[in-house]
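Structural overview for review
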Amino acid sequence: MSFYDPTKIEVLYDAASIEARCRQLGAQITADYQGRGELALVGVLRGSFPFIADLVRHIDLPIEIDFLGLSSYGERTESSGIVRMTQDLSEPVRGKHVLVVEDIVDTGLTMKYLLANLQTREPASVRVATLLHKPEGQRVEVPIDYIGFTIPNRFVVGYGLDFAGKLRNLPFIGVVVGDEPVPGLRL
Ligand code: 5GP
């Protein structure tokens, strides 16, 4: 028994596939930043928390970790394009190499806003790692350096991604295929 109805959530990537991809990305990031100076990973809340937690354990470098909060969707499944900072970084990133860690890049509007904001803080460099990329949803050009999985234009949930504020704790990434994946939970 689970709190959700498994017949209404189709698994796209299971926990083992996500773990394997985090391992590969961690190795790639380790190689790319070796000997390059201070690296700060910046996780975008709330969705990136499982991804950054798993990713950093595969990065063999003395990194710093910070978070900031952004909100763009409200409770709907289409980007409003209006981005709000709900929480700022705890430390300055001036002179540091920054790697932004995001759950998903869809329209790109959130990332565009964030990159412009970070540039004003004079980091040594800024790169982007996203667990998921939906190229069909893209409305603005944003550079993405590390992509976990490229996915079709569907609304995904789990592993940090929410459905009406819930389902972030699913250990896999899935697509909701029916109404009310949890009794009483609707968008
Ligand atoms: P963008 O600004 O690129 O359209 O969207 C970025 C944010 O929208 C993500 O950080 C995420 O919070 C939310 N988002 C985009 N696509 C999805 C999706 O398929 N599922 C969920 N749960 N959130 C999404």
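Our subject is the structure listed above.
The structure reproduced in this document is the subject of the present report. This one's a predicted model, so the numbers in the text were calculated from it and none came from an experiment. (Residues numbered from 1 in each chain as written. Predicted model: local features only at pLDDT ≥ 70, side-chain atom pairs only at ≥ 80, totals over all residues. Heavy atoms only, no water.)

What follows is about unusual backbone geometry. A cis amide bond links Leu45 with the next residue in sequence, Arg46, at an omega value of 5°. Its place among the elements puts Arg46 in the loop between β2 (39–45) and α2 (49–56). Not every positive phi belongs to a glycine, and Glu122 is a case in point at roughly 55°. Tracing the backbone shows Glu122 in the loop between α3 (109–119) and β6 (125–133). Positioned with a positive phi, Tyr159 is a non-glycine residue whose angle comes to about 50°. Relative to the assigned elements, Tyr159 resides in the loop between β8 (156–157) and β9 (173–176). (Helix = DSSP H or I, 4+ residues; strand = E, 2+ residues; numbered from the N terminus.)

Bringing the packing of aromatic side chains into the picture now. Within this structure, the stated rule accounts for three aromatic pairs. Where Tyr13 meets Phe149, the ring centres are 3.8 Å apart and the plane angle is 20°; that geometry is what we call stacked. Placement of Tyr13 in strand β1 (residues 9–13) and of Phe149 in strand β7 (residues 146–150) is noted, with a sequence separation of 136 residues between them. Counting every residue linked through ring pairs, the aromatic cluster contains Phe3, Tyr4 and Phe172. (Phe/Tyr/Trp six-rings, centres within 6.5 Å; stacked < 30°, edge-to-face > 60°.)

Counting 28 residues, the largest nonpolar core has Leu41 and Leu132 as its most contacted members. Going through the elements one at a time, α1 (15–33), β2, α2, β5 (97–105), β6, β7 and β9 are the ones with two or more residues in this core. If you tally residues by element for this core, the top one is α1, at five residues. Residues within four places of Leu132 in sequence aside, it is in contact with Asp103, Ile104, Val105, Phe149, Ile151, Val156, Leu161 and Ile173. Grouped together as the second largest cluster of nonpolar side chains are 16 residues, Val98, Val100, Val105 and Met111 included. (Core = buried A, V, L, I, M, F, W, Y, C linked by side-chain atoms within 4.5 Å. Buried < 20%, exposed > 50% of the residue type's maximum accessible area, 1.4 Å probe, protein only. Contact = heavy atoms within 4.5 Å.)

Okay, the site of the ligand next. Around the ligand there are 18 residues in total, and Asp106, Thr107, Thr110, Val156 and Asp162 lie nearest to it. A distance of 2.8 Å separates a nitrogen atom of the ligand from a polar backbone atom of Asp162. Where the shell around the ligand is concerned, the elements lending two or more residues are β5 and α3. Here the shell around the ligand takes four residues from β5, the largest share from any one element. (Near = heavy atom within 4 Å. Polar contact = N/O pair within 3.5 Å; in protein donor to acceptor, adjacent residues only side chain to side chain.)

Another aspect to go through is the packing of α1 against α2. The interhelical angle for the contact between α1 and α2, taken along N-to-C directions, is 60°, at an axis separation of 8 Å. Overall, the two elements α1 and α2 adopt an arrangement that is oblique. Here the hand of the crossing between α1 and α2 comes out right-handed. Judged by residue contacts, Cys22, Leu25, Gly26 and Ile29 of α1 engage Phe51, Asp54 and Leu55 from α2. Of the residues contributing to the contact of α1 with α2, the split by class is five nonpolar, one polar and one charged. (Axes fitted to C-alpha atoms, helices over the stretch in contact; angles between N-to-C directions. Parallel < 35°, antiparallel > 145°, perpendicular 65-115°, else oblique. Left-handed = near helix turned anticlockwise from the far one by under 90°. Nonpolar A, V, L, I, M, F, W, Y, C, P; charged D, E, K, R; others polar.)

Here we come to the pattern of salt bridges. Under the criterion given, the structure shown has ten salt bridges. In this structure, the salt-bridge partner of Lys96 is Glu64, at a minimum N-O distance of 2.9 Å. With a gap of 32 residues between them, Lys96 in the loop between β4 (84–87) and β5 and Glu64 in strand β3 (residues 64–71) connect regions that are remote in the sequence. A salt bridge links Asp88 to Arg121; its shortest N-O distance comes to 2.9 Å. With Asp88 in the loop between β4 and β5 and Arg121 in the loop between α3 and β6, this residue pair connects regions lying 33 residues apart in the sequence. (Salt bridge = Lys/Arg side-chain N within 4 Å of Asp/Glu carboxyl O.)

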